Amino acid sequence: MDVSLPDDGDAGLSNTDRKRGGWITFPFITATMFALTLAAAGWIFNLIVYLIEKFNVKSVHAAEIAGVVFGCSFMFPVIGAIIADSSAGCFSVICISSLIHLLGTVLLLLTSTIDALRPSPCETGSSSCNAPSRIQSAVLFAALTLATIGVAGNRFTVGTMGALQFDKPKDHGRFFNWFTFTWYGSSAIAATVIVFIEDSVSWAWGYGVCAAANVLGLAIFLLGSRFYRHGKPQENPLIGLIRVVVAALRKRSVPLSFKGEDYYKKPGGNANMESQTPSKIFKFLNRAALITEGDTRPDGSIAKPWKLCTTEQVEDLKTLIKTSPIWATGIFLGTPLAIQMSLITLQALAMDRHIGHHFKIPAGTMVVFIFVATSAAVPLIDRYLNPLWKKFTRKSLTPLQQIGIGQVICFISMGLSALVEAKRLKIAHSRHLQDQVGSIVPMSVLWLVPQLAVVGIGEAFNFPGNAVFFYQEFPDSLKNTSTAVVSMYIGVAFYLSSAVLGLVRRTTGWLPDDINKGRVDNVYWVLFVVGVLNFAVYLLCARLYKYRGGEKEDDNGYNSGPN
């Protein structure tokens, strides 16, 4: 993985352009991402514990709430990207969303410091606790809503803003390498240092650090404003895709033509495309670009945009449809992983988290092992596995092959999780701990590390594979949307994880409030089976998929030929 910084000369900018954009913006963008990620991850990763300990929320319900928060933080970036592209621009979206996140974090800080804003604590050893009042719940959920909207608004928009500062694809690649390391590194620090402060010092200090990091990140971002290159907002390309559907439906009775000149092409486009007809796949949509009487003005421009679209817009929509099955399998991979992240925290709370006599691992910190494993695996894959694969196969790993390997590793982690939980329950039952409220099973929480490390290794294949696949396959007009698509399926997965946990809780006895009385291992075995079935569907989709451009190899060495 190339993470070396080039000089400004590599940015390929003219003397005038160097005044805006280029690598001079890199420290500001990266520091902003580091601080804002630190601020967000500091409260997100320990949210389940905070809800249980300070608001007396039942454990599984707390996991459901956390799933919704995680889901929103990954779903809403699509909205932020649309707003940034079509009206406000990245700079404004980042500033406004950072302020919204700061307001939410301050409200969380107030709930941790003002006794009237949270219920009285549970009595030791008692299963009866006071639920939060309506006002307390309203303040809590207002804080979570504001903070989540803020996170979603700046999470991927900062990356888009950074990429906007460069012209050459190789600089985009170098920037995103650093961007990824910054994201994972900041998340790891938040999941250890800030979560430790929240658990061992106080929640007020932990949320105070989050608020301070938010202020620092926004200040650094504003400090570099005179160096930034600002993209010009334009019409949202998604509107053009909707017009394709509407236009095709309005012309559903019009017969298709086999002549390329009968279809409307984008003015100033590729001259070689003038005589070509749209592709035959999903040919019903071709009617949207078919020119009929009254569709164009005398100067050749479109007179009725909801009745006539360009051939390029039609092909863009076809690309989205063609990649959607791959995207859907990502949801059914992400959902088990999201459930696993929630259950890991509950398991950690019921296990011995001491290392030595004085240090106790915070339950919310367990997720850091995923970040560490992913951060370590990505450069190892890039530096050793890819060259080895190419040496024996004479081809680089394709994005779809990377995703497939990641899926296999991830469902294997579910099997490991089931075996470890079965061992934990066996110890709990042998000591009759299932009848004792809040009992700790004498089994080290480090037993959870191998399965988390396996998840991290799987994500080192899966996440980059998805990012490259969608970026490579999406049309030029939707390159920014391609990264939001990956974020979106992660968000959907977290939403589904909350729904699945609720369904399992209502229909089985596997997830009671005290997991020592439950069968979390059965949940993991079900997720393992879901992973195997999803992988079978993915293999079929990947086998049938044809890459754009046929057999070729991109600058990063990814083979774009048939899978």
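No experiment lies behind these values; they were computed from the predicted model shown.

**Some remarks on the pairing of strand E4 (residues 441-444)**
For step 1, the next point in the chain: Because side chains alternate across E4, one face comprises the buried residues Val441 and Met443, and the other comprises Pro442 and Ser444, none of which is buried.
For step 2, the next point in the chain: Pairing geometry for strand E1 (residues 351-352) and E4, over two bridges, is parallel. Of the residues in E4, the one forming a bridge with Asp352 is Ser444.

**Remarks on the confidence of the model for the protein**
Close reading of the predicted structure is inappropriate where its pLDDT is low.
For step 1, the next point in the chain: Residues of the protein with pLDDT of at least 70 account for 87%, and the chain-wide mean is 82.
For step 2, the next point in the chain: Of all secondary-structure elements in the protein, the lowest mean pLDDT belongs to helix H4 (residues 77-86), at 72, while helix H9 (residues 203-223) reaches the highest, 94.
For step 3, the next point in the chain: Low pLDDT (under 50) marks residues 551-562, which in the prediction has 34 contacts with non-local residues, meaning those over four places away or in another chain.

**What about helix H2 (residues 47-55)?**
For step 1, the next point in the chain: Buried within H2 are the following residues: Leu47, Ile48, Val49, Tyr50, Leu51 and Phe55.
For step 2, the next point in the chain: Following H2 by one or two positions, Asn56 adopts a phi angle in the positive range, close to 55°.

**Observations concerning H9**
For step 1, the next point in the chain: With 21 residues, H9 extends 30 Å between its outermost C-alpha atoms, agreeing within 8% with the 30 Å of an ideal straight helix rising 1.5 Å per residue.
For step 2, the next point in the chain: Turning to H9, its buried residues number three or more, namely Trp203, Gly206, Tyr207, Cys210, Ala211, Ala213, Asn214, Gly217, Leu218 and Phe221. One side of H9 holds all its buried residues, which, seen down the axis, span an arc of 155°. Opposite the buried face of H9, at more than 90 degrees from it, the exposed residues are Trp205 and Leu223.

**Remarks on the packing of helix H11 (residues 311-349) against helix H13 (residues 399-430)**
For step 1, the next point in the chain: Where H11 meets H13, the closest approach of the two axes is 11 Å, and the angle between their N-to-C directions is 30°. With respect to H13, the element H11 is oriented roughly parallel. Every pair of crossing elements has a handedness; the one defined by H11 and H13 is left-handed. Contacts between H11 and H13 involve Ile326, Thr329, Leu333, Pro336, Leu337, Gln340 and Gln347 on the former and, on the latter, Leu400, Gln407, Cys410, Ser413, Met414, Ser417 and Glu421.

**Some thoughts on the packing of aromatic side chains**
For step 1, the next point in the chain: Within the structure shown, the criterion is met by 17 aromatic pairs.
For step 2, the next point in the chain: Ring centres of Tyr50 and Trp203 lie 4.8 Å apart, and the angle between their planes is 55°; this geometry places the pair in the tilted category. Here Trp203 lies in helix H9 and Tyr50 lies in helix H2, a separation of 153 residues in the sequence.
For step 3, the next point in the chain: Taken together, the aromatic side chains of Tyr50, Phe55, Trp203 and Tyr207 make up a single cluster linked through ring pairs.

**Considerations on the packing of helix H5 (residues 90-113) against helix H6 (residues 134-155)**
For step 1, the next point in the chain: At a closest axis distance of 7 Å, the pairing of H5 and H6 adopts a crossing angle of 150°. By the angle between their axes, H5 is roughly antiparallel relative to H6. For H5 against H6, the interelement crossing comes out left-handed. Taken together, the residues of H6 that come into contact with H5 (itself represented by Val93, Ser97, Ser98, Ile100, His101, Leu103, Gly104, Thr105, Leu107, Leu108 and Thr111) are Val139, Leu140, Ala142, Ala143, Leu144, Leu146, Ala147, Ile149, Gly150, Val151, Gly153 and Asn154.

The rules behind each value
- Residues numbered from 1 in each chain as written.
- Predicted model: local features only at pLDDT ≥ 70, side-chain atom pairs only at ≥ 80, totals over all residues.
- Heavy atoms only, no water.
- Buried < 20%, exposed > 50% of the residue type's maximum accessible area, 1.4 Å probe, protein only.
- Helix = DSSP H or I, 4+ residues; strand = E, 2+ residues; numbered from the N terminus.
- Pairing = 2+ DSSP bridges.
- pLDDT = per-residue confidence, 0-100.
- Contact = heavy atoms within 4.5 Å.
- Expected span 1.5 Å × (residues − 1).
- Arc of directions from axis to C-beta.
- Axes fitted to C-alpha atoms, helices over the stretch in contact; angles between N-to-C directions.
- Parallel < 35°, antiparallel > 145°, perpendicular 65-115°, else oblique.
- Left-handed = near helix turned anticlockwise from the far one by under 90°.
- Phe/Tyr/Trp six-rings, centres within 6.5 Å; stacked < 30°, edge-to-face > 60°.

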